[in-house]
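If you want the building blocks of each chain, they are given just below.
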Amino acid sequence: MTRVSSFGHQQVMLSSLLNNQARVFTDQTQITTGKKEEKYAGFASETSTLLGAKSVFGQTKGYLRATDHVERFLSTNDIQLGSMVSSAQNVRDTILEAISQEETFALNELMGEAYTSMVSAMNTNIGGVYVFSGGRTDVEPVTAKSVADLLALPAVTDMYENDQRRPAAKVGQNTLLEYGLLADEVSTSVFQVFKDIAAYDAGPSGPLSGQLNTAQLTFLKGELANMDAALDDLRVFVARNGTRQNNVENFSNEYEAQEVFLETFISDIEDVDVAEAVTRLNNDQVALEASYKITSELSKISLLNFL
């Protein structure tokens, strides 16, 4: 005689139904979150790999932010140093022209304009931060705003308010890059030439205007040499800044490539293939509906059907 176990069949189908419900819920969660698992425990042996990759990814993003910050400052340095060189070169060319022609009518005016432009460059402010002030970022590094102000000071160095803390940033695990420049180190030599010429012009041997005598020409020849030396100093700063820009750009490119790699690596471990998950959800929903139907049918079966 064949025995019919309604309870056994119902238990098997109920278990299958619950499993199908769990799979549908998992599929829906993956599609909603885009992640394979909600907890690290679900990744089993890949957990340590995933955590390590995320740690390196976080460090990489931090270094990228640092290099972006440094690049902005170095670009500002480059622009302002270029302005300094251009202004100093104009004064130098005017001094040379005065020596060649043994007369000058525009030296004082040109020096005044060039000096104002150079002070403005040294007092560059970005978002409330004075770029060439070192650690004293809330203070203008150059206080003498005109040649007259400069001339009134006992020494050129008295005009500076910056300290000697050069800004630096960690752009790599073992790389601390000093990217800041100080107003006094950049401009002291060139402003000394301005002060010397202004003092001579205002002294008993001046003014330096019109026809120039032998003593005045000799003085200007000496200052031409001093201006050439000051220009050489400025160009050294331009070259150093350019080298730093190149180094930071290399770091930045390396970190950008590393960031893309790590994003892909992490995604391969924890992100779900949405298209695959949708297909799986559709299949699991069909299986769940079938489980509902069979379980419903089983509940209607009784021994009377076999009598």
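Reading the values: the criteria
Residues numbered from 1 in each chain as written. Predicted model: local features only at pLDDT ≥ 70, side-chain atom pairs only at ≥ 80, totals over all residues. Heavy atoms only, no water. Pairing = 2+ DSSP bridges. Helix = DSSP H or I, 4+ residues; strand = E, 2+ residues; numbered from the N terminus. Phe/Tyr/Trp six-rings, centres within 6.5 Å; stacked < 30°, edge-to-face > 60°. Buried < 20%, exposed > 50% of the residue type's maximum accessible area, 1.4 Å probe, protein only. Lys NZ or Arg CZ within 6 Å of the ring centre and 35° of its normal. Axes fitted to C-alpha atoms, helices over the stretch in contact; angles between N-to-C directions. Parallel < 35°, antiparallel > 145°, perpendicular 65-115°, else oblique. Left-handed = near helix turned anticlockwise from the far one by under 90°. Contact = heavy atoms within 4.5 Å. Nonpolar A, V, L, I, M, F, W, Y, C, P; charged D, E, K, R; others polar. Core = buried A, V, L, I, M, F, W, Y, C linked by side-chain atoms within 4.5 Å.

Participant: Looking at this structure, I do not really get the pairing of strand β5 (residues 175–178). What am I missing?
Facilitator: The side chains of a regular strand alternate, residue by residue, between the two faces of the sheet. Bridge analysis of strand β4 (residues 168–172) against β5 gives four bridges, and the strand direction is antiparallel. In the strand pairing of β5, Ala168 is matched with Glu178. What sits between the antiparallel neighbours β4 and β5 is a turn of two residues.

Participant: Which parts of the structure should I look at to understand the packing of aromatic side chains?
Facilitator: Within a pair of aromatic rings, the relevant descriptors are the distance that separates the centres and the angle that separates the planes. By the definition in use, this model includes eight aromatic pairs. Summarising the aromatic geometry, the rings of Tyr200 and Phe219 are spaced 3.9 Å apart at their centres and angled 10° between planes, so their arrangement reads as stacked. Taken together, the residues span a long stretch of sequence, with Tyr200 in helix α5 (residues 183–202) and Phe219 in helix α6 (residues 214–270) at a distance of 19 residues. The same class applies to Tyr200 and to Phe219, which are both buried. Through a chain of ring-to-ring contacts, three or more aromatic side chains come together here, namely Tyr63, Phe251 and Tyr255. Here Arg240 stacks its cationic end above the ring of Phe237, 5.7 Å away from the centre of that ring.

Participant: Looking at this model, I keep getting lost on the packing of helix α2 (residues 47–101) against helix α3 (residues 107–122). Mind explaining?
Facilitator: At their nearest, the axes of α2 and α3 sit 9 Å apart, and the two run at 165° to each other. When the axes of α2 and α3 are compared, the pair comes out roughly antiparallel. In the crossing of α2 with α3, the sense of the turn from one axis to the other is left-handed. For the pair α2 and α3, contact is made by Gln80, Ser83, Met84, Ser87, Ala88, Asn90, Val91, Thr94 and Ile95 and by Leu107, Leu110, Met111, Ala114, Ser117, Met118, Ala121 and Met122, respectively. Taken together, the residues of the contact of α2 with α3 break down into eleven nonpolar, six polar and no charged.

Participant: Explain the nonpolar core here, please?
Facilitator: Buried together is how nonpolar side chains tend to be arranged in soluble globular proteins. Core analysis: the biggest nonpolar cluster contains 56 residues, and Tyr115, Met159, Val190, Phe191, Phe194 and Leu220 have the highest contact counts within it. Counting only elements with at least two residues in this core, the list comes to α2, α3, α4 (147–152), β4, α5 and α6. Ranked by residues supplied to this core, first place goes to α2 with twelve residues. When residues no more than four places from it in sequence are discounted, the contact partners of Phe194 are Val91, Met111, Ala114, Tyr115, Met118, Leu150 and Met227. By size, the runner-up hydrophobic cluster in this structure holds six residues, among which are Ala53, Leu262, Ile266 and Ile269.

That's the geometry; what it means functionally is another story.
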